[in-house]
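# Secondary and tertiary structure notes
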Amino acid sequence: MIGIDKINFFTPNTYIDLVTLAKHRGIDPDKFTIGIGQAKMAVPTITQDTVSMGANAAFPILDKEDLNKIDLVVVGTETGIDESKSAASFIHQLLNIHPFAKAIEIKQACYGATAGLMMAQDFIKAHPGRKALVIGSDISRYGLKTSGEVTQGAGAIAMLVSENPRILALEDTSVSMTESIFDFWRPNYSDTAIVDGKFSNEAYINFFKTIWHEFSKQTELSFEDFKAFCFHLPYTKMGKKALLPLLENESDEIKELILHHYNLSTTYTRDIGNIYTGSLYLSLMSLLDSDAHSLKDNDLIGLFSYGSGAVGELFYGRLVKGFENHLLKKEHQTSLENRYALSIDEYETIFNKVLPKEDGIHPLSEAKFDNSLFYLSSITNHQRHYSKRQ
Ligand code: COA
């Protein structure tokens, strides 16, 4: 048995309330809160990036034994901070993982962390007794006053993958699918993504439908075999749009159960926004941290990963006995409750800040807003330097 032994997320402690944003933009708030299904959106200061967020997500779940047994560090991201040096190499150092590990970064839009998880599963199979750290970390940016603005967000997830996992044991069969399309992309010269919103919705729905049919054929599993499905969520309504047409012919009981668990899986995304590569795993944490007393050991959970461009994969796992004792539910909820609500002015000012590109030493500070453990503290001759608060 190989799977998720520990799991955590990090999101910056600054956010914008979406009712406030809607009113300011002259939009009916119901469009954001009901039509799109988002309530709050994480807004990172300039001192939080893919590396610092990834380290902040991973640090709380790793003990000394883990640091000595992790031989593989994979960071899935589509908002990397360097075209050559991987975010994983920085994180490996910040976390103090032993030197004989390998650290790499993977890119395929929001699918990257799932590619990392699959790689980690194979790696542990080939290296019994060892461990892998998988991180998904991103800042989602479409731009101020764009239609995608309400679906931005920022955050990271970290998973420790091992034998005899204490949370979710991964099954071996999964179905993936690739098709080269332009539903969402970001050219190298742009710091905001380009999205064909309607087309990306259609592509996501079509991927889930096509993959589900192939998956149910290969595994001979149907909806009634699953307790819940978690989805990559660019916004909380997206997974439901893909799920509903396939549930049409299911009994009311199955429909109700799957949709009940779906709703529980969207709570964190509703308050954070799209975190790209980490999104699916944020949904999983949202479901497991909820008071879903209907979930018990051995229940099957389906996970649908989608990365524009596009690659999708449906895989599944079994809840492990006692999984509820290994979650960071209280820490997650406290971190969301203790965030700072930005004014519109503060949000736009933070959004428009850019990192210095000139030679020289550039200390960075956002002490008023960012109190995270790891943060980007300077850019010195084009090198990023991170600090850890004592
Ligand atoms: N009250 C309640 N609902 C309202 C409303 C109101 N006043 N006004 C609009 N809505 C509903 C619409 O009916 C629609 O619902 P539906 O999707 O169930 O039909 C929803 O709100 C969105 O409205 P729409 O007009 O489609 O919004 P938009 O053109 O601004 O685009 C997105 C919305 C989500 C497509 C856009 O924000 C986007 O492209 N985001 C990025 C998505 C992404 O990341 N995709 C790639 C990764 S998978």
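Just so it is clear, the structure is predicted and the values come from calculations on it, not from any experiment. (Residues numbered from 1 in each chain as written. Predicted model: local features only at pLDDT ≥ 70, side-chain atom pairs only at ≥ 80, totals over all residues. Heavy atoms only, no water.)

## Some remarks on the UniProt feature "binding site: (3S)-3-hydroxy-3-methylglutaryl-CoA" (unreviewed entry) in the protein chain
Under the UniProt annotation, the feature "binding site: (3S)-3-hydroxy-3-methylglutaryl-CoA" (unreviewed entry) is placed at Asp28, Tyr142, Lys241 and Asn274. Checked against the lining of the second largest pocket, the annotated residues just named reduce to Tyr142, Lys241 and Asn274. Structurally, Lys241 can be placed in helix H8 (residues 237-247). Lys241 sits in the partly exposed class, given a relative accessible area of 35%. For Asn274, the location among the structural elements is in the loop between helix H10 (267-272) and helix H11 (279-289). Excluding its chain neighbours within four sequence positions, the residues that come into contact with Asn274 are Ser140, Tyr142, Thr151, Gln152, Gly153, Ala154, His232, Leu233, Pro234 and Ser279. (UniProt positions renumbered as here; feature names shortened; annotations may be inferred. 1 Å grid on protein atoms, 1.4 Å probe; cavity = no way out; pocket = protein on both sides within 12 Å on 5 of 7 lines; lining within 4 Å. Helix = DSSP H or I, 4+ residues; strand = E, 2+ residues; numbered from the N terminus. Buried < 20%, exposed > 50% of the residue type's maximum accessible area, 1.4 Å probe, protein only. Contact = heavy atoms within 4.5 Å.)

## Here we look at the layout of surface pockets
Of the volumes computed, that of the second largest pocket is approximately 640 Å³. For the second largest pocket, the lining is made up of 33 residues, of which Ser147, Gly148, Thr151, Gly197 and Tyr235 are closest to its centre. Elements with a contribution of two residues or more to the lining of the second largest pocket: helix H1 (18-25), helix H2 (29-36), helix H7 (197-219) and H8. Sorting elements by how many residues they give to the lining of the second largest pocket places H7 first, with five residues. (Points joined across faces, edges and corners; volume = space filled by probe spheres on them.)

## Focus on the environment of Gln38
If you trace the backbone, Gln38 turns up in the loop between H2 and strand S3 (40-42). For Gln38 and Phe9, which are 29 residues apart along the polypeptide, the C-alpha to C-alpha distance reads 18 Å. Not counting chain neighbours up to four residues away, the residues in contact with Gln38 comprise Leu18, Phe32, Thr33, Val150, Tyr235, Thr236, Thr269, Arg270 and Gly273. Reaching out from Gln38, the side chain makes a polar contact with the backbone oxygen of Thr269 at a distance of 2.8 Å. (Polar contact = N/O pair within 3.5 Å; in protein donor to acceptor, adjacent residues only side chain to side chain.)

## Notes on H1
Along H1, the positions that sit buried rather than exposed are Leu18, Leu21, Ala22 and Arg25. Along H1, the residues classed as buried sweep out an arc of 100° about the axis, all on the same side. Packing partners of the buried residues in H1 comprise strand S2 (14-17), H2, S3 and helix H13 (344-352). Measuring from the backbone nitrogen of Val19 back to the side-chain oxygen at the start of H1 gives 3.1 Å, which picks out Asp17 as the cap. Of the residues flanking the end of H1, it is Gly26, one or two places downstream, whose phi is positive at about 70°. (Arc of directions from axis to C-beta.)

## Quick notes on the pairing of strand S5 (residues 102-106)
Two strands pair when backbone bridges link them, and strand S4 (residues 70-76) and S5 are joined in this way by five bridges, in the parallel orientation. Among the inter-strand pairings, Val75 is bridged to a residue of S5, identified as Glu105. Running through helix H5 (residues 87-95), the crossover from S4 to the neighbouring parallel element S5 is right-handed. (Pairing = 2+ DSSP bridges. Right-handed = clockwise from strand over helix to strand, strands pointing away.)

## Things to note about the pattern of salt bridges
Applying the stated criterion across every chain yields a total of 17 salt bridges. A salt bridge links Asp5 to Arg166, with the nearest nitrogen and oxygen atoms 2.9 Å apart. Of the two residues, Asp5 is situated in strand S1 (residues 2-10) and Arg166 in the loop between strand S7 (153-163) and strand S8 (168-170); the sequence distance between them amounts to 161 residues. Its salt-bridge partner being Lys217, residue Glu214 comes within 3.5 Å of it at the nearest N-O pair. Of this pair, Glu214 and Lys217 both sit in helix H7, three residues apart, roughly one helical turn. Taking the relative accessible area as the measure of exposure, Glu214 reaches 29% and is therefore partly exposed. When salt bridges with common partners are traced through the structure, they connect Lys6, Asp63, Asp66 and Lys131 into a single cluster. (Salt bridge = Lys/Arg side-chain N within 4 Å of Asp/Glu carboxyl O.)

## Remarks on the site of the ligand
Residues in close proximity to the ligand total 20 residues, the closest being Tyr142, Ser147, Lys198, Lys237 and Lys241. For the ligand, an oxygen atom lies 2.6 Å from a polar atom in the backbone of Ser147. At 2.5 Å from an oxygen atom of the ligand is found a side-chain nitrogen or oxygen belonging to Lys198. Protein contacts shield 71% of the accessible area of the ligand, which totals 980 Å² for the unbound molecule. Among the elements of the structure, H2, H7 and H8 are those that each provide at least two residues to the shell around the ligand. Partitioned by chemical class, the residues of the shell around the ligand number seven nonpolar, seven polar and six charged. Taken domain by domain, the makeup of the shell around the ligand includes at least three residues from each of domain 1 (2-167 + 327-388) and domain 2 (168-322). (Near = heavy atom within 4 Å. Areas by Shrake-Rupley, 256 points an atom, 1.4 Å probe, with all protein chains shown as cover. Nonpolar A, V, L, I, M, F, W, Y, C, P; charged D, E, K, R; others polar. Domains from an automatic or database assignment.)

## So, the nonpolar core
Proteins that are soluble and globular tend to have nonpolar side chains buried together. Counting 80 residues, the largest nonpolar core has Leu62, Leu133, Leu168, Tyr281, Leu284 and Ile301 as the members making the most contacts within it. Taken domain by domain, this core gets at least three of its residues from each of domain 1 (2-167 + 327-388) and domain 2 (168-322). Listed in part, the 47 residues of the second largest apolar core include Phe231, Leu246, Ala310 and Leu342. (Core = buried A, V, L, I, M, F, W, Y, C linked by side-chain atoms within 4.5 Å.)

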